[in-house]
Amino acid sequence: MSYGRSKSDQSIDVERAAWLAEFLGLEVMPAELEALTLALSNQVSAIQGLERFNLTECSPIVKMDARWYE
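Right, let's walk through the structure included here. Every chain is numbered independently, its residues counted from 1 as its sequence is written. Only residues with pLDDT of at least 70 are given local features in this predicted model, and only at 80 or more are side-chain atom pairs given and counted; all residues enter the totals for whole chains, interfaces and linings. Side-chain numbers come from the whole structure's heavy atoms, not from hydrogens or water.

Thoughts on the side chain of Thr37
Piece 1. As for its placement among the helices and strands, Thr37 is situated in helix H2 (residues 33-50).
Piece 2. Contacts are assigned to residue pairs with any non-hydrogen atoms lying within 4.5 Å of each other. Every residue in contact with Thr37, bar those within four places of it in the chain, is listed here: Ile12, Asp13, Val14 and Ala17. Helix and strand definitions follow DSSP, with helices as H or I runs of at least four residues and strands as E runs of at least two, each counted in order from the N terminus.

In structure tokens form, the structure reads like this:
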């Protein structure tokens, strides 16, 4: 069981990327939409790889510590 439902059935296309950018209040030039779509697709692919892990016994991270990145 995961914390959220699987997104593996969703694809990222140019229209979805444009909608997401607008929803977030981002101004994306039409020439940049293809690159944004590719970047979002890569993120979805990376997340799908993590879905194989059973994280039901793991608590989510609720705070970040800058020392983690030293």
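Brief notes about the pattern of salt bridges
Piece 1. Salt bridges are defined by distance alone: a side-chain nitrogen of Lys or Arg within 4 Å of a carboxyl oxygen of Asp or Glu. Inspection of every chain in the model, using the stated rule, returns 1 salt bridge.
Piece 2. Linking Asp65 and Arg67 is a salt bridge whose minimum nitrogen-to-oxygen distance equals 2.5 Å.
Piece 3. Partly exposed residues are those whose accessible area sits between 20% and 50% of the maximum for their type, while under 20% is buried and over 50% is exposed, using a 1.4 Å probe and protein chains only. Using a relative accessible area of 59% as the deciding quantity, one classes Arg67 as exposed.

Focus on the packing of aromatic side chains
Piece 1. Centres within 6.5 Å make a pair out of two Phe, Tyr or Trp rings, where for Trp the six-membered ring is used; the pair is then stacked when the planes are under 30 degrees apart, edge-to-face when over 60, and tilted otherwise. Applying the stated rule across the entire model yields 1 aromatic pair.
Piece 2. Between Trp19 and Phe23, the ring centres sit 5.2 Å apart and the planes meet at 15 degrees, which makes this aromatic pair stacked. A residue pair is termed a helical-turn pair when its members lie 3 or 4 positions apart in one helix, as Trp19 and Phe23 do in helix H1 (residues 14-23) at 4 residues.
Piece 3. According to the relative accessible area criterion, Trp19 is exposed, its value standing at 53%.
Piece 4. Among the residues examined, Phe23 registers a relative accessible area of 60% and is labelled exposed.

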